[in-house]
Amino acid sequence: MTDAADQLIDGYGRKLDYIRLSVTDRCDFRCVYCMAEEMTFLPRARVLSLEELATLGETFVNLGIRRIRLTGGEPLVRRDIVSLISKLAALPGLDEVTLTTNGSQLGRYAQALKKAGLKRINVSLDSLRADRFAQMTRRDMLDQVLLGIDKAVEVGFERIKLNAVVMRGHNDDEVLDLIHYAQQRNIDISFIEEMPLGQISSHNRQQAYCSSEDLRQIIENKYPLISSTDTTGGPSRYYRIPGKPGRIGFISPHSHNFCASCNRLRVTAEGRLLLCLGQENSIDLRAILRRYPGESDRLESSIREAIKHRPEGHQFSFDDQPQVLRFMNMTGG
Ligand code: SAM
Ligand code: SF4
């Protein structure tokens, strides 16, 4: 266990106990808000190996990280993902390993993931209509994702949450249908405001912007929403509908900046430790891992030093040129 004095605390007094580890930049979808249609992915040699990911996991746990979320790209397109989860889940001191997935491979993997020690899982689902789903993800795979979600419910993870990025004129009229779908399965759902990460040409982000407040109004026209004090360690603010199962969360990077309480670090698939989601500051952990293999002290001290330079926060805007040029699949959502 990490002593209180050894815990990662940044220059603004924020304790860091949560890390999002991107295991790949690759994906079998091309969601319009996340990627361009034509993508060039990293050569494999530049992506962290299974051993490097496991070493990083162990190092961060030594530094007081209590939760690791695996993300990407699509983490389930990585063949050694189950083995990575087993290794991380066995780390003493780590409270949980979780995963964010697009669900396309869940039918195949849900059982193995549960067995490997995965407790909670987030599945992205923006639409229940096949044509829209295909438009938003650029892949005609809704049925496969729905089967994957049912499989996840069947194997019985401790908690399943759906994530929907809501875009005006694309899927904002499906909010109540998505809530109904989640309630039928007794699972949570969070609605996310689109963030301006990476340059896209498929739509105008400002025009597609749909605030969490707009969504709350749509929901409250039909159901009362009771604010919940629940937190899952992430940026979602949760509500409940009285008498109904599941929680409804809002992730509002535009309208409700969550930097002041940000307890999260992110590591990209290339091993860059991002000090902030909305800024480019980072350090190259892969370079340290590869130049000084086995020197965990050096890795730990580099991370500690980097944390001191963590920015206070970020502000998203709809300028023509996004402040952050990396796409979300690089960032690790
Ligand atoms: N491929 C997996 C998935 O889609 O769940 C994991 C990675 S994805 C980058 C993680 C989350 O980020 C997803 O819920 C996705 O909807 C969200 N996301 C991607 N690009 C986004 C953007 N520009 N703004 C807000 N959320 C975004
Ligand atoms: Fe792939 Fe997830 Fe990005 Fe969609 S949001 S393109 S599924 S990484």
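Just so it is clear, the structure is predicted and the values come from calculations on it, not from any experiment. (Residues numbered from 1 in each chain as written. Chains lettered and ligands numbered in written order. Predicted model: local features only at pLDDT ≥ 70, side-chain atom pairs only at ≥ 80, totals over all residues. Heavy atoms only, no water.)

Some thoughts on the overall build of the protein
A count of helices and strands for the protein gives eleven helices and twelve strands. What you see for the protein is a C-alpha radius of gyration of 19 Å, in line with the 20 Å of a compact globule of 333 residues. Dimensions of the protein along its principal axes, counting C-alpha atoms only, are 55 × 45 × 40 Å. For the protein, with 333 residues in total, the buried portion stands at 59%. If you take every contact in the protein between residues at least 6 apart in sequence, the share linking residues at least 24 apart comes to 74%. Element-wise, carbon and sulfur atoms account for 47% of the exposed surface of the protein, whose accessible area totals about 14400 Å². Of the side chains in the protein, 45 bear a positive and 43 a negative charge, and the two mean positions are spaced by 3 Å. (Helix = DSSP H or I, 4+ residues; strand = E, 2+ residues; numbered from the N terminus. Rg over C-alpha atoms; globule rule 2.2 N^0.38 Å. Buried < 20%, exposed > 50% of the residue type's maximum accessible area, 1.4 Å probe, protein only. Contact = heavy atoms within 4.5 Å. Areas by Shrake-Rupley, 256 points an atom, 1.4 Å probe, with all protein chains shown as cover. Lys, Arg positive; Asp, Glu negative; His and termini not counted. Charge placed at Lys NZ, Arg CZ, Asp CG, Glu CD.)

Let's talk about helix H6 (residues 175–184)
Working note: α-helix, 3.6 residues per turn, so residues spaced by three or four point in the same direction. Those residues of H6 that sit buried are Val175, Leu178, Ile179, Tyr181, Ala182 and Gln183. As for H6, its buried residues are in contact with helix H5 (142–155), strand E5 (159–166), strand E6 (188–193), helix H8 (212–220) and strand E9 (248–251). Asn186 sits one or two positions beyond H6 and adopts a positive phi of about 60 degrees.

Describing the site of ligand 1
Near ligand 1 there are 18 residues, and of these Tyr33, Gly73, Thr101, Ser124 and Met195 occur at the shortest range. The contact in question runs from an oxygen atom of ligand 1 to an N or O atom on the side chain of Ser124, over 2.6 Å. Protein burial of ligand 1: of its 540 Å² of free accessible surface, 96% is covered by the chains. Broken down by secondary-structure element, the contributors of at least two residues to the shell around ligand 1 are strand E3 (96–101), E5 and E6. Its residues assigned to classes, the shell around ligand 1 comprises six nonpolar, nine polar and three charged. (Near = heavy atom within 4 Å. Polar contact = N/O pair within 3.5 Å; in protein donor to acceptor, adjacent residues only side chain to side chain. Nonpolar A, V, L, I, M, F, W, Y, C, P; charged D, E, K, R; others polar.)

Remarks on the packing of aromatic side chains
Scanning the entire structure with this criterion turns up three aromatic pairs. Ring plane angle 75 degrees and centroid distance 5.6 Å describe the contact between Tyr239 and Phe250, whose orientation is recorded as edge-to-face. With Tyr239 in strand E8 (residues 237–240) and Phe250 in strand E9, the pair connects residues that are eleven residues apart, well separated along the chain. Among the aromatic residues, those joined into a cluster by ring pairs are Phe191, Tyr239 and Phe250. The ring of Tyr181 carries Arg185 above its face, with NZ or CZ at 3.8 Å from the centroid. (Phe/Tyr/Trp six-rings, centres within 6.5 Å; stacked < 30°, edge-to-face > 60°. Lys NZ or Arg CZ within 6 Å of the ring centre and 35° of its normal.)

Some remarks on the sheet that holds strand E4 (residues 120–124)
On the basis of which strands lie adjacent, the open sheet formed by twelve strands has the order E7-E8-E9-E6-E5-E4-E3-E2-E1-E10-E11-E12 and mixed pairing. Edge positions in the open sheet fall to strand E7 (226–227) and strand E12 (282–284), since each of these has one partner strand only. The strands touched by H8 within the sheet are E5, E6, E8 and E9, with E9 carrying the most contacts at an inclination of about 160 degrees. (Pairing = 2+ DSSP bridges. Axes fitted to C-alpha atoms, helices over the stretch in contact; angles between N-to-C directions.)

A short note on the site of ligand 2
Close to ligand 2 lie Cys27, Phe29, Cys31, Cys34, Met35, Gly73 and Asn102, which account for all nearby residues. Taken together, the residues that form the shell around ligand 2 break down as five nonpolar, two polar and no charged.

Comments concerning unusual backbone geometry
Although it is not a glycine, Arg138 sits at a positive phi angle of roughly 60 degrees. Topologically, Arg138 is positioned in the loop between helix H4 (130–137) and H5. What makes Arg138 buried here is its relative accessible area of 19%. One non-glycine residue, Asn186, lies in positive phi territory at about 60 degrees. Mapped onto the secondary structure, Asn186 falls in the loop between H6 and E6.

Points about the environment of Ile68
In this structure, Ile68 sits in strand E2 (residues 67–71). Spatially, the C-alpha atom of Ile68 lies 8.0 Å from that of Leu94, the residues being 26 residues apart in sequence. Beyond its immediate sequence surroundings of up to four residues, Ile68 is in contact with Ile19, Leu21, Gly57, Val61, Leu88, Leu94, Glu96, Val97 and Thr98.

Brief notes about the side chain of Arg69
Mapped onto the elements, Arg69 comes out in strand E2. Within the local environment of Arg69, its side chain forms a polar contact with the side chain of Thr98, the two groups lying 3.4 Å apart. Here the side chain of Arg69 touches Thr100 through a polar contact of 3.0 Å, side chain to side chain.

What about the layout of surface pockets?
For the largest pocket, the calculated volume is near 260 Å³. For the largest pocket, the full set of lining residues is Val23, Thr24, Asp25, Arg26, Leu42, Arg44, Val47, Leu48, Val77, Arg78, Arg79 and Asp80. Split into classes, the residues belonging to the lining of the largest pocket amount to five nonpolar, one polar and six charged. (1 Å grid on protein atoms, 1.4 Å probe; cavity = no way out; pocket = protein on both sides within 12 Å on 5 of 7 lines; lining within 4 Å. Points joined across faces, edges and corners; volume = space filled by probe spheres on them.)

Section: the pairing of strand E10 (residues 264–267)
Of the two faces of E10, the one lined by Arg264 and Arg266 and the one lined by Leu265 and Val267 are each fully buried. Once E10 ends, the chain turns through four residues before running back antiparallel as strand E11 (residues 272–274), passing Gly271 with a positive phi of about 90 degrees.

Here we look at the packing of H6 against H8
At their nearest, the axes of H6 and H8 sit 10 Å apart, and the two run at 70 degrees to each other. Judged by the angle between their axes, H6 and H8 are roughly perpendicular. By crossing handedness, the relation of H6 to H8 is classed as right-handed. Of the residues in H8, those touching H6 at Val175, Leu176 and Ile179 are Leu215, Ile218 and Ile219. Residue composition of the contact of H6 with H8, by class: six nonpolar, no polar and no charged. (Parallel < 35°, antiparallel > 145°, perpendicular 65-115°, else oblique. Left-handed = near helix turned anticlockwise from the far one by under 90°.)

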